[in-house]
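Remarks on the overall topology
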Amino acid sequence: MSAASNLRSEDQFLCSICLDVFTDPVSTPCGHNFCKTCISQHWDMNQSCQCPMCKEIFYPRPQLRVNTFISEMVAQFRCEAQQKASSSEQQAAKPGEVPCDVCTGTRLKALKSCLVCQTSYCQTHLEPHLTVKRLKRHQLIDAVENLEGRMCMKHDKLLELFCKTDQTCVCMLCPVLDHKNHEFVPLREEYEGKKAELEKTEAEIQQMIQKRRLKIQEITESVKMSKDAADRQKAEGVQVFTALMESVERRLKELMKEIEDKQETTEKQAEGLIKDLEQEISELMERSSEVEQLSRSEDHLHLLQSFSSLKAAPPPKDWTEVRVHPPSYEGTVGRAVAQLEETVWKPMKKKLFEAELQRVQQYEVDVTLDPDTAHPKLILSDDGKQVYHSDVRKNLPDNPERFSLCPSVLGEQSFSSGRFYFEVQVKGKTAWTLGVATESINRKGKITLRPQDGFWTVWLRNGNEYKARASPPVPLCLHPGPEKVGVFVDYEEGLVSFYDVGAAALIYSFTGCSFTHKLHPYFSPCPTYGGKNSAPLIICPVNQTESIND
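Per chain, residue numbering runs from 1 following the sequence as it is written. In keeping with the predicted nature of the model, local features appear solely for residues at pLDDT of at least 70, side-chain atom pairs appear and are counted solely at 80 or more, and the whole-chain, interface and lining totals rest on all residues. Remark: hydrogens and water are excluded; side-chain values derive from all non-hydrogen atoms of the structure.

Here the focus is a nonpolar patch on the surface. For patch building, the residue pool is restricted to those with more than 30% relative accessible area and no salt bridge; the joining distance is 9 Å between like charges and 5 Å between nonpolar side chains (Val, Leu, Ile, Met, Phe, Trp, Tyr). Note on areas: Shrake-Rupley, 1.4 Å probe, and residue coverage restricted to the protein chains presented here. Basic side-chain nitrogens of Lys or Arg form a salt bridge, by our definition, when they fall within 4 Å of a carboxyl oxygen of Asp or Glu. Taken together, the side chains of L173, V176 and L177 define a hydrophobic patch exposed on the protein surface, amounting to about 260 Å² of accessible area. Mapped onto the fold, L177 is located in helix α5 (residues 174-177). The way it works is that DSSP assigns letters per residue, a run of H or I at least four long becomes a helix, a run of E at least two long becomes a strand, and they are numbered from the N terminus.

Another aspect to go through is the side chain of H375. Following the sequence through the fold, H375 ends up in the loop between α8 (332-361) and β11 (378-380). The exposure class assigned to H375 is buried, which follows from its relative accessible area of 5%. Between N or O atoms, a polar contact is any pair within 3.5 Å; within protein, one atom must be a potential hydrogen donor and the other a potential acceptor, and residues adjacent in sequence are included only when both atoms are from side chains. A polar contact is formed between the side chain of H375 and the backbone oxygen of S404, at a distance of 3.4 Å. At a separation of 3.4 Å, a polar atom in the side chain of H375 contacts the main-chain carbonyl oxygen of L405. Only protein chains enter the calculation, and the probe is 1.4 Å; a residue is then buried if its accessible area is under 20% of its type maximum, exposed if over 50%, and partly exposed in between.

Moving on to the packing of aromatic side chains. Pairing of aromatic rings covers Phe, Tyr and the six-membered ring of Trp, with a centre-to-centre limit of 6.5 Å; geometry is then stacked below 30 degrees between planes, edge-to-face above 60, and tilted otherwise. Evaluation of the coordinates by the stated rule reveals twelve aromatic pairs. Taking 5.0 Å as the distance between ring centres and 80 degrees as the angle between the ring planes, the aromatic pair formed by W456 and F515 counts as edge-to-face. You can see W456 sitting in strand β16 (residues 455-461) and its partner F515 sitting in the loop between β21 (505-510) and β22 (519-524), a full 59 residues away along the chain. Each member of the pair W456 and F515 is classed as buried. On the numbers, 5.3 Å between centres and 45 degrees between planes, the contact of Y491 with F515 is tilted. Within this pair, whereas Y491 is found in the loop between β19 (484-490) and β20 (495-500), its partner F515 is found in the loop between β21 and β22, the two being separated by 24 residues in sequence. Neither residue differs from the other here; Y491 and F515 are each classed as buried. Cluster of aromatic residues (ring-pair linked, three or more members): F403, F455 and Y522.

Among the seven residues of strand β14 (residues 419-425), five are classified as buried, and the element is accordingly described as predominantly covered. Following DSSP output, two strands are said to pair if at least two bridges run between them. Sheet topology note: the β14/β19 ladder contains seven bridges and is antiparallel. Directly across from V424, in β19, lies its bridge partner V485. Direction of pairing for β14 relative to strand β23 (residues 537-540): antiparallel, over a ladder of three bridges. Bridge pairing links E423 to C540 in β23.

In this section: the nonpolar core. Side chains of nonpolar character tend, in soluble globular proteins, to be buried together. As used here, the term nonpolar core means buried Ala, Val, Leu, Ile, Met, Phe, Trp, Tyr and Cys residues forming a set that is joined through side-chain atoms within 4.5 Å. By size, the foremost hydrophobic cluster in this structure holds 38 residues, and its most contacted members are W432, F510 and F523. Residues count as neighbours in contact if any of their non-hydrogen atoms are within 4.5 Å of one another. W432 has contacts with V426, V458, W459, L460, R461, Y466, V485, S524, C526 and L537, leaving out every residue within four places of it along the chain. With 19 residues, the next largest nonpolar core counts C18, V21, C38 and L64 among its residues.

On to the confidence of the model for the protein chain, then. A score from 0 to 100, pLDDT tells how confident the predictor is in each residue. On average, the protein chain scores 87 in pLDDT, and the residues at 70 or more come to 94%. In the model, residues 1-8 has pLDDT below 50 throughout and makes ten contacts with residues more than four positions away in sequence or in other chains.

The subject of this paragraph is α8. Helix span, as expected, comes to 1.5 Å for every residue beyond the first. Counted at 1.5 Å a residue, the expected span for α8 with its 30 residues is 44 Å, and the 41 Å between its end C-alpha atoms agrees. Where α8 is concerned, the buried positions are T332, A336, L340, V344, M348, F353, E354, L357, V360 and Q361.

For the rest of this paragraph, the subject is unusual backbone geometry. P60 follows Y59 through a cis peptide bond whose omega is 0 degrees. Cis geometry is found at the peptide bond from S471 to P472, where omega equals 5 degrees. With respect to the element layout, P472 can be found in the loop between β17 (465-468) and β18 (474-476). We note that Q167 has phi near 55 degrees; this positive angle belongs to a residue other than glycine. Positionally, Q167 belongs in the loop between β8 (161-163) and β9 (168-170). Unlike most non-glycine residues, N181 shows phi in positive territory, near 65 degrees.

Attention now moves to the sheet that holds β9. Strand order in this open sheet of three strands is β9-β8-β10, and the pairing throughout is antiparallel. Strands at the two margins of the open sheet, each flanked by one partner only, are β9 and β10 (184-186). Looking at each pair of strands side by side, their axes are set apart by 35 degrees on average, direction ignored. The pairing of β8 with β9 spans three bridges and is antiparallel. Note that in β9 the partner of L161 across the bridge is V170. Helix axes use the C-alpha atoms of the stretch in contact, all axes being lines fitted to C-alpha atoms, and the angles between their N-to-C directions lie in the range 0 to 180 degrees. Against the sheet, helix α6 (residues 187-296) touches β8, β9 and β10, its axis set at about 85 degrees to β10.

Let us look at α6. The terminal C-alpha atoms of α6, which comprises 110 residues, lie 155 Å apart, in line with the 164 Å expected from a rise of 1.5 Å per residue. All buried positions along α6 are accounted for by E190, V240, L244, S247, R251, L255, T266, A270, L273, E280 and L294.

Next up, the structure:
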């Protein structure tokens, strides 16, 4: 930008005393410019002749003459400003714009508002404030509405200060009359501070908006993932149940044919016997006729001669013990169902649970044992992955987190949302308890392992007695028992499931749980019972191919 362009900017032609365009501009020896009247009155009111800008003191008082160069530039600037205003800004006020308060009829758009007159002016009606000496001292600002709100209602003075004590805008008389000993700053200073706060607030709001947009994106992606998973599950369900229905229909046809074949065999046997009986009846009726005719004969010789041959005929078959035995159908349907379960459902169920186990294994978390919660008779490995029971009680501080009576220990990690999974080796043990517990459980004295007390667990006792510690407890039939147990939790779904990892089978699920506290993995290796249960519980890394390879 050229020097001439700089000079033509409005700021170059404003007097720093009256804050208006120069009138009769003069230059002080220090090089600063002021209206001749403004600087003269300023020096008249003060004991020394000091420059209001740089504070340089002049002695004696300088003789000031009008700077003709600046005066000509100011005149040219006024002319250009008036032409520009006349060509582009003299237009009727639109909705939302400040109208001129002086215009009658069509009210033009106001360009400036006078804080002294409390009036807004269009270019035409603003002219006196630019030319009349008395009006040129008035403070003009860009056109605004509600000028009365910028004046002190009590002193009818312009609000120029901000009272930090009362957090309100005041005029120059307020500090003297109504706000004594209060802290004041110019409006601009407070404006800059509040503007900075607003900019900071705006940045924070934009950051919050961005975070929420990202959260919307995250939720949308979660819904999409959920829908994809649901579609996969539906497709898998359709495939599995279609195959199952086809197998059931096929086995039903086989069962119907088996029953029909038995019935057909019985009917054929009965038909043969009936046919033989009907043949004998026919023969007997023929013989009966012969006997009847011979008995009516009055020829003595003929009767005696025929009687011997008639008497010698073969005797009829004895049908007393002949029976048609209906086939037995007892157990036919049961055996068909058992065969269906053995050949179709069990392999299919195993395949389904293998897939389910692989899915939950994806939520594996690294669990370590918390020594601050361990019962004094429990021994933990250095890496926090193994625990076993000892007959020797260690001298440990009885802190609130520690189990005092039950030989138990919690995992260091806690979970209050989402899903997590971990696996524990129980091989060689005759008693153990595994599961999860809330952070708020009772750890002192006797505890009851049930959901209402904050425990969701499965246990083994006496080598083969498995139970899910629901309320009431649920006996579990596990033969053979698991060597490695997987524990899966879906916090939001309220689900705790236990798996036999080696068999890829579901052991038990707690459903419809309502979790309100943090959850910790829960372990109890139980007492050694004379060495029979001395093997440790071992937290193992997940091997997702293990169950399939087994």
